[in-house]
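Chain residues, written in single-letter form:
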Number of protein chains: 2
Amino acid sequence: MVGSMIEARHLRVLRAVVRAGSYSGAARELGCTQPAVSQQMKALEQSVGTPLLVRIGREARPTDAGEALMRHAAGVLAGLAAAEEEVAAIAGLRAGRVRLVSFPSGSSTLVPTAVARLRSGHPGTRVSLVEAEPPRSVEMLRAGEADIALAFRYPGARASANSVTETGTGGTDPETEWSDLAIRPLFTDSLVGLVPEGHRFADAGEVGIAELAGEPWIAGCPRCRGHLVEVCEAAGFTPRIDFATDDYPAVVGLVGAGLGVAVLPAPAVESVRPRGTRTVRVVPEVRREVVALTLPDLERVPAVAAMLDRLAEASAV
Amino acid sequence: MVGSMIEARHLRVLRAVVRAGSYSGAARELGCTQPAVSQQMKALEQSVGTPLLVRIGREARPTDAGEALMRHAAGVLAGLAAAEEEVAAIAGLRAGRVRLVSFPSGSSTLVPTAVARLRSGHPGTRVSLVEAEPPRSVEMLRAGEADIALAFRYPGARASANSVTETGTGGTDPETEWSDLAIRPLFTDSLVGLVPEGHRFADAGEVGIAELAGEPWIAGCPRCRGHLVEVCEAAGFTPRIDFATDDYPAVVGLVGAGLGVAVLPAPAVESVRPRGTRTVRVVPEVRREVVALTLPDLERVPAVAAMLDRLAEASAV
DNA sequence: CCCGACCATAAGACAGCCTTGGCGCTATAG
DNA sequence: CTATAGCGCCAAGGCTGTCTTATGGTCGGG
């Protein structure tokens, strides 16, 4: 590394000397001793190859080159100060931007409250939100198009090969897929069974998963569908999936129309008017864990860290 | 001195890393090793208090704060480069300015040739010229209004008190007056006597100063007049000065009109058409030394040093 | 004539910077 | 699947730069 470059420190000293009119005054202004100023000035003059100050009697005035340097120093130091201020604002959460990508149903309640808290606590921050599901959201994370991805996983899920791949999720298990990401668990919610009114289990309160073996199924998003198949196969049967849509209100509508049964996250059901449907507990209980994903480095970015905290707060109802 | 400021080196490293997309690439670009880049980046991130880069897989991309810093870095580094370039131009005599102040007759031949040589050798330099005599020119030098002052002195002159002060030079002897200045002798010229055609000494070739005791005198500038009085008193008489002007052509005109005799620098006489006058050598010979004065610090300013050299060259006919 | 302000210099302590060498990780080619 | 090359982190060592204290020299003012 070449050491003959002009450094900001040099310009600060030069400016102080010209302002103060003396080395001693500059030293007082800079909060250091006078020899330090002498040395800095000597180093600067040597690095540029020409004297920068002329001392006549008691006062020091800049030379031709000194004035040129001062002219530029003003702009350079101003730019540097502006940069420090802006970065400090970002570090201090008086500014900054967080780009959030969430799976559709997660953005209904969790995201709005978390965003609202962040914005009210740190008015300068900006939050953007797009909806996408894994693996697309993780892809965006890796591509630098988002800072935090909301996703969910099923605690017991295993990438037991064909049962997953044949259902079209087309990827690896979240546990291995996210191994290089920072995972922040937010909350877990139970999946509830949804059956039409008048269904034989409509008033049962709870139902074993295997008892629904012969029912037509309405499935959710690809990964939800994959997990459903997995759970059912663990219970000894393969579900007959008649419809698949990631639109939760549509699922509820389909069930309400008596076209089948479904297993959905409780918040998804609660956010939809349950026309003609009834919910039943499913045993054994199926749980879904909602997590926030981010890049490890991004965890240390103030705005991202703050957003993660707000998400965790909003999750701990 | 506080060490938590952003330094130009940091920005150079950051820019290189962002441009190269990796620490190693930045190190190659900067001509140093990769750990050096790591350390600089770590120091910068610590000083600003927030990460500036996120590394995803193989490539590094700037964070929010990193982009903000990059935005400012562009301007800051450009300003710094411009400053270095401009100062280098001044140091390398591709630019720079010299402010010259000369006594009136000195600028007639010496200054034009010296300026012409400087400008032809270093086209970027600028020379400004004003005319003033000591002590005004020295005053301008000390006030920072000029870089080089041309002046002259009489080798034997002594500030022998009253003889000088009573003639109105109102100051001390040059030797002490200029004690804190850098003095560059340029050349010495002889003073010649100037008498009207038809004067009794017109064809004498040379004349003793005392032989002109009774003549009416035409004197030059105040300091010239002071020295004239000094020389005459040394010869045993006090000259009767009928006219005094620092305009050499006027002096020649007055002598040509038969109104008196004068003693003038040879170059001053030669530059004027000698209408109706004759020159005679004066014995003992009276010599005048022309010098360039500058502040000691300014001697090291390239443009000033170059101008002094050109003045010396032009003097060494 | 002394005194105070200013600056240069020297010597020493200390921090920062850069380098070398070694290790783990990942991606790519054979 | 292994070998290899690229990348980055870490630790240790040398080196330069920077600050400080202490001292002396110079200049201007009481």
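Everything numeric here is computed off the predicted structure, so don't read it as measured data.

1. Brief notes about the relation of the copies chain B and chain A
1) Next: Turning chain B through 180° and shifting it by 0.1 Å along the axis lays it on chain A, with an RMSD of 0.5 Å. Such a combination of turn and shift is consistent with a two-fold rotation axis. Across chain B, the smallest distance between a C-alpha and the rotation axis is recorded for Val76(B), namely 2.3 Å.
2) Next: Mapped onto chain A, 100% of the interface residues of chain B again fall at the interface, so both copies present the same surface.

2. Regarding the protein's contact with DNA strand D
1) Next: Taken together, the neighbourhood of DNA strand D is formed by 19 residues, with Thr33(A), Tyr23(B), Ser24(B), Ser38(B) and Arg55(B) sitting nearest.
2) Next: Between Tyr23(B) and DNA strand D, the recorded distance is 2.9 Å, taken from a backbone N or O atom to a phosphate oxygen.
3) Next: Elements represented by at least two residues in the surface near DNA strand D include exactly α3 (34-48) of chain A together with α2 (23-30) and α3 (34-48) of chain B.
4) Next: Taken together, the residues of the surface near DNA strand D sort by class into six nonpolar, seven polar and six charged.

3. Quick word on the environment of Ala182(A)
All names here are of chain A.
1) Next: Turning to its location among the elements, Ala 182 is positioned in strand β6 (residues 182-196).
2) Next: A residue is classified by how much of its surface remains accessible, and Ala 182, at 9% relative accessible area, is buried.
3) Next: Those residues within four positions of Ala 182 in sequence are excluded, and the remaining contacts are Ala 292, Leu 293, Thr 294, Leu 295, Pro 296 and Glu 299.

4. Considerations on the pairing of strand β2 (residues 59-62) of chain A
Here is the key point about a regular strand: its side chains alternate between the two faces of the sheet.
All names here are of chain A.
1) Next: As judged from the four bridges shared by strand β1 (residues 53-56) and β2, these two strands associate in the antiparallel manner. Of the residues in β2, the one forming a bridge with Val 54 is Arg 61.
2) Next: Adjacent in sequence and paired antiparallel, β1 and β2 are bridged by two residues, among which Gly 57 carries a positive phi angle near 65°.

5. Brief notes about the protein's contact with DNA strand C
1) Next: Taken together, 18 residues are adjacent to DNA strand C, and Ser24(A), Ser38(A), Arg55(A), Thr33(B) and Gln39(B) come closest.
2) Next: Among atoms of DNA strand C positioned within 4 Å of the protein, sugar and phosphate together represent 63%.
3) Next: Interatomic distance of 3.3 Å between a side-chain N/O atom of Gln34(A) and a base nitrogen of DNA strand C.
4) Next: In this structure, Arg9(B) approaches DNA strand C through a side-chain N or O atom, which is 3.0 Å from a phosphate oxygen.
5) Next: Put simply, the parts of the chain that give the surface near DNA strand C at least two residues each are α2 (23-30) and α3 of chain A together with α3 of chain B.
6) Next: Tallied by class, the residues present in the surface near DNA strand C amount to six nonpolar, seven polar and five charged.

6. A few points about the interface of chain B and chain A
1) Next: In this assembly, 49 residues from chain B lie in contact with 49 residues from chain A.
2) Next: Taking both sides of the interface into account, the surface hidden between chain B and chain A amounts to around 4300 Å²; carbon and sulfur atoms contribute 65%.
3) Next: Residues Arg12(A) and Glu7(B) are paired through a salt bridge, measuring 3.5 Å at the closest nitrogen-oxygen approach.
4) Next: On the surface where chain B and chain A come into contact, there are 20 residue pairs in polar contact (both at pLDDT 80 or more).
5) Next: Contributing elements (two or more residues each) for the side of chain B that touches chain A: α1 (8-20), β1 (53-56) and α4 (64-91) of chain B.
6) Next: With 16 residues, the top contributor of residues to the side of chain B that touches chain A is α4(B).
7) Next: Of the residues assigned to the side of chain B that touches chain A, the class counts are 28 nonpolar, eight polar and 13 charged.

7. Structural notes on the domain arrangement of chain A
1) Next: Looking at the assigned domains, one finds that chain A contains domain 1 (8-91) and domain 2 (97-315).
2) Next: Placing a centre on the C-alpha atoms of domain 1 of chain A and another on those of domain 2 of chain A gives a separation of 60 Å.

8. Remarks on the packing of aromatic side chains
1) Next: Applying the stated criterion across every chain yields a total of four aromatic pairs over all chains.
2) Next: Between the aromatic rings of Phe103(A) and Phe152(A), the centroid separation amounts to 4.9 Å while the plane-to-plane angle is 85°, which identifies the pairing as edge-to-face. Remark: Phe152(A) occurs in strand β5 (residues 148-153) and Phe103(A) occurs in the loop between β3 (97-102) and α5 (110-121); sequence separation between them is 49 residues. Neither Phe103(A) nor Phe152(A) differs from the other in exposure class; each is buried.
3) Next: Taken together, a centroid distance of 6.0 Å and an interplanar angle of 75° make the contact between Phe152(B) and Tyr154(B) edge-to-face.
4) Next: By way of ring pairs, the aromatic residues Phe103(A), Phe152(A) and Tyr154(A) are connected into one cluster.

9. Concerning the pattern of salt bridges
1) Next: All chains considered together, the criterion is met by 34 salt bridges over all chains.
2) Next: The shortest N-O distance in the salt bridge between Arg94(A) and Glu85(A) comes to 3.6 Å.
3) Next: A salt bridge links Glu145(B) to Arg136(B), with the shortest nitrogen-to-oxygen separation between them at 3.4 Å.
4) Next: Arg136(B) gets classed as partly exposed once you look at its relative accessible area, which sits at 38%.

Reading the values: rules and limits
Residues numbered from 1 in each chain as written. Chains lettered and ligands numbered in written order. Predicted model: local features only at pLDDT ≥ 70, side-chain atom pairs only at ≥ 80, totals over all residues. Heavy atoms only, no water. Least-squares fit on C-alpha atoms with pLDDT ≥ 70 in both. Contact = heavy atoms within 4.5 Å. Near = heavy atom within 4 Å. Polar contact = N/O pair within 3.5 Å; in protein donor to acceptor, adjacent residues only side chain to side chain. Helix = DSSP H or I, 4+ residues; strand = E, 2+ residues; numbered from the N terminus. Nonpolar A, V, L, I, M, F, W, Y, C, P; charged D, E, K, R; others polar. Buried < 20%, exposed > 50% of the residue type's maximum accessible area, 1.4 Å probe, protein only. Pairing = 2+ DSSP bridges. Buried area = accessible area lost by both parts, 1.4 Å probe. Salt bridge = Lys/Arg side-chain N within 4 Å of Asp/Glu carboxyl O. Domains from an automatic or database assignment. Phe/Tyr/Trp six-rings, centres within 6.5 Å; stacked < 30°, edge-to-face > 60°.

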